[in-house]
Amino acid sequence: MDTQADTRADTRAPDAGPLRIAYSPCPNDTFVFHAWAHGLVPGAPALDVTFADIDLTNGMAERGEFDVLKVSYAVLPWVLDEYALLPCGGALGRGCGPLVLTREPPAAGAGGLTGRTVAVPSERSTAYLLFRLWAADLVPGGIGEVVVLPFHEIMPAVREGKVDAGLVIHEARFTYQEYGLHRLADLGEYWEDTTGLPIPLGAIIARRSLGPERLRALAEAARTSVRMAWDDPSASRRYVLEHAQEMDPAVADQHIGLYVNEFTAGLGEEGYAAVRGLLTRAAAEGLVPPLDREALDFG
């Protein structure tokens, strides 16, 4: 399996060899896709796996690369002409939202960010959309400058005073205190309090050109891979920790516990409502293009 991000355009016919898939090395993705990637899902098509962080896979999707990708739900308005949203395999949930962190205790609350510089990992992410929606509601006068930094550079930049605040995701929920940082806001709590819906984070998309029958087969393969991971969590352990690099195994377990849940096995009515709600609110703020209601339909 290819472990390097590959940005070459994929011009193969849909049936030519294994499906090219790109997903992150994060524990939730490797846990979900372990069985399928290792040929353990009966009848599932073979996969040629590329590991890449979600900011890279978002760009791959916009360029039309790969057959199947894990992307942010925030990028869907730009890619749904070519890709279909699969109803399983992705990440939604509760209590798992992005955090806004500062170096000093947030005595002034959200208002302390007025005119300030904030580092974000991507402008094509659910985290960024949630941050902008939160700031529009709660930061009078608005944020100052937004700086895009690689995810691993954000907490050090906040700690060293290079930026006033940082927007962080994933395992940073469990590690930010090691950097001496303080939580200004939990954007997941903001979203759930204002909508009552789960937070839509990462989506699985596949080429529409594969056709409805193959898309349904891919969805079933993803769903089966999730269920196999749940049935025998130890089977994926080596794969998860190998690609989690230096992450503490306990943090990897917390990561999986937060991001792999009933919405991973199937979006369901509530999951689709969350996705539509996020993208509708973001479009109203001019953050993403408007999305036709039927664009999320599968099959």
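Overview of the structure. (Residues numbered from 1 in each chain as written. Predicted model: local features only at pLDDT ≥ 70, side-chain atom pairs only at ≥ 80, totals over all residues. Heavy atoms only, no water.)

## Some words on the overall build of the chain
Let me state the cut-off plainly: Secondary structure follows DSSP: runs of H or I at least 4 residues long count as helices, runs of E at least 2 residues long count as strands, and numbering of each begins at the N terminus. Atoms considered for the radius of gyration are the C-alpha atoms alone. The globule rule reads 2.2 Å times the number of residues to the power 0.38. By definition in these notes, contact holds between two residues if any of their heavy atoms fall within 4.5 Å. All accessibility values rest on the Shrake-Rupley procedure with a 1.4 Å probe; residue burial counts only the protein chains present in the view. We score Asp and Glu as negative and Lys and Arg as positive, and we do not count His or the chain ends. Here the site of a charge means NZ on Lys, CZ on Arg, CG on Asp, or CD on Glu.
In terms of helices and strands, the chain carries 12 helices and 11 strands. What you see for the chain is a C-alpha radius of gyration of 19 Å, in line with the 19 Å of a compact globule of 299 residues. Dimensions of the chain, computed from the C-alpha atoms along their principal axes, are close to 55 × 40 × 35 Å. By sequence separation, contacts in the chain at least 24 residues apart represent 81% of the contacts at least 6 residues apart. If you sum the accessible surface of the chain, you get close to 12,800 Å²; carbon and sulfur atoms cover 48% of it. Here the chain carries 25 positive and 41 negative side-chain charges, and the mean point of each set is 1 Å from the other.

## A look at the packing of aromatic side chains
Condition: Each Phe, Tyr or Trp ring (for Trp, its six-membered ring) is paired with any other whose centre lies within 6.5 Å, and the angle between the two planes then decides the class: stacked below 30 degrees, edge-to-face above 60, tilted in between. Only when the NZ of Lys or the CZ of Arg is both within 6 Å of the ring centre and within 35 degrees of the ring normal is a charge said to sit over the ring.
Inspection of the entire model under this criterion finds five aromatic pairs. Relative to Phe33, the ring of Tyr23 has its centre 4.6 Å away and its plane inclined at 15°; by these criteria the two rings are stacked. In this pair, Tyr23 is assigned in strand β1 (residues 19–23) and Phe33 in helix α1 (residues 27–37), connecting sequence segments 10 residues apart. An aromatic cluster is defined as three or more aromatic residues linked by ring pairs; in this entry it consists of Tyr23, Phe33, Trp36, Phe51 and Tyr239. The ring of Phe66 has Arg20 lying over it, and the distance from NZ or CZ to the ring centre is 4.1 Å.

## Here's the deal with unusual backbone geometry
Look at Phe66: it is not a glycine, yet its phi comes out positive at around 75°. Tracing the sequence through the fold places Phe66 in the loop between α2 (54–62) and β3 (68–72).

## Points about the pairing of strand β2 (residues 47–51)
The criterion, for reference: Exposure is judged per residue with a 1.4 Å probe applied to protein chains only, and the accessible area is read against the type maximum: over 50% gives exposed, under 20% gives buried, and values in between give partly exposed. With its strands directed away from the observer, a crossover is right-handed exactly when the path from the first strand over the helix to the second travels clockwise.
Among the five residues of β2, four are classified as buried, and the element is accordingly described as predominantly covered. Regarding topology, α1 serves as the crossover connection from β1 to the parallel β2, and that connection is right-handed.

## Some details on the pairing of strand β6 (residues 99–102)
Heads up, the condition is: Each pair of strands is called paired provided DSSP finds at least two bridges between the two strands.
Neither face of β6 is left uncovered, since the one carrying Leu99 and Leu101 and the one carrying Val100 and Thr102 both have all their residues buried. Note: β6 against strand β9 (residues 165–168), four bridges, orientation antiparallel. Of the residues in β9, the one forming a bridge with Val100 is Leu167. Sheet topology note: the β6/strand β10 (residues 182–186) ladder contains four bridges and is antiparallel. In the sheet register, Leu99 faces β10, and the bridge partner there is Asp186.

## Some details on the pattern of salt bridges
Here is the rule: Salt bridge criterion: a side-chain nitrogen from Lys or Arg within 4 Å of a carboxyl oxygen from Asp or Glu.
Taken as a whole and assessed by the stated rule, the structure comprises 15 salt bridges. Salt-bridge contacts for Glu62 lead to Arg124; the nearest nitrogen and oxygen are separated by 3.2 Å. Within this pair, whereas Glu62 is found in helix α2, its partner Arg124 is found in the loop between β7 (118–120) and α4 (126–138), the two being separated by 62 residues in sequence. With a relative accessible area of 36%, Glu62 lands in the partly exposed category. Salt bridges here are not isolated pairs; linked through shared partners, they connect Asp67, Glu82 and Arg207.

## Points about the nonpolar core
The test is simple: Side-chain atoms within 4.5 Å link the members of a nonpolar core, which is a set of buried Ala, Val, Leu, Ile, Met, Phe, Trp, Tyr and Cys residues.
Core analysis: the largest hydrophobic core is formed by 60 residues, its most contacted members being Leu69, Leu76, Val100, Leu113 and Trp134. Tallying contributions element by element places α4 first for this core, with eight residues. Setting aside its immediate chain neighbours within four residues, Leu69 contacts Ala22, Thr57, Met60, Ala61, Tyr83, Ala203, Ile204 and Ile205.

## A few points about the sheet that holds strand β8 (residues 146–148)
Spelled out, the test is: Axis definition: a line fitted to C-alpha atoms, over the contacting stretch in the case of helices. Angles run 0 to 180 degrees between N-to-C directions.
With mixed pairing, the five strands of this open sheet are ordered in space as β8-β7-β9-β6-β10. Two strands lie at the open edges of the sheet, namely β8 and β10, each paired on one side alone. On average, each strand axis in the sheet is tilted by 30° relative to the strand beside it, whichever way the strands run. Across the sheet, helix α5 (residues 151–159) lies against β6, β7 and β9, angled at about 150° from β9, the strand it touches most. Here helix α7 (residues 187–195) sits on the sheet and contacts β6, β9 and β10; the angle it forms with β10, its principal contact strand, is near 25°.

## Some points on the side chain of Asp67
Rules: For this analysis, a polar contact is any N or O atom pair within 3.5 Å, provided that within protein one partner can donate a hydrogen and the other can accept it, and provided that sequence-adjacent residues contribute only side-chain to side-chain pairs.
With respect to the element layout, Asp67 can be found in the loop between α2 and β3. There is a polar contact of 2.7 Å between the side chain of Asp67 and the backbone nitrogen of Arg20.

## What about the packing of α4 against helix α12 (residues 268–284)?
What counts is decided by this rule: Should an angle lie under 35 degrees it is considered roughly parallel, over 145 roughly antiparallel, and from 65 to 115 roughly perpendicular; all remaining angles are considered oblique. Take the far helix as the reference: if the near one is turned anticlockwise from it by less than a right angle, the crossing is left-handed, and if turned clockwise, right-handed.
The interhelical angle for the contact between α4 and α12, taken along N-to-C directions, is 55°, at an axis separation of 10 Å. With respect to each other, α4 and α12 are oriented oblique. Crossing of α4 over α12 shows left-handed handedness. When α4 is examined against α12, the residues Thr126, Leu129, Leu130, Leu133 and Asp137 are found in contact with a partner set consisting of Leu278, Leu279, Arg281 and Ala282.

## Some points on α4
Note: α-helices contain 3.6 residues per turn, so residues at a spacing of three or four share the same orientation. For clarity, the threshold we go by: Helix span, expected: 1.5 Å multiplied by one less than the number of residues in the helix.
Taking 1.5 Å of rise per residue, 13 residues should cover 18 Å, and α4 covers 18 Å from first to last C-alpha, within 8% of that figure. What α4 keeps buried is the set Thr126, Ala127, Tyr128, Leu129, Leu130, Phe131, Leu133, Trp134 and Ala135.

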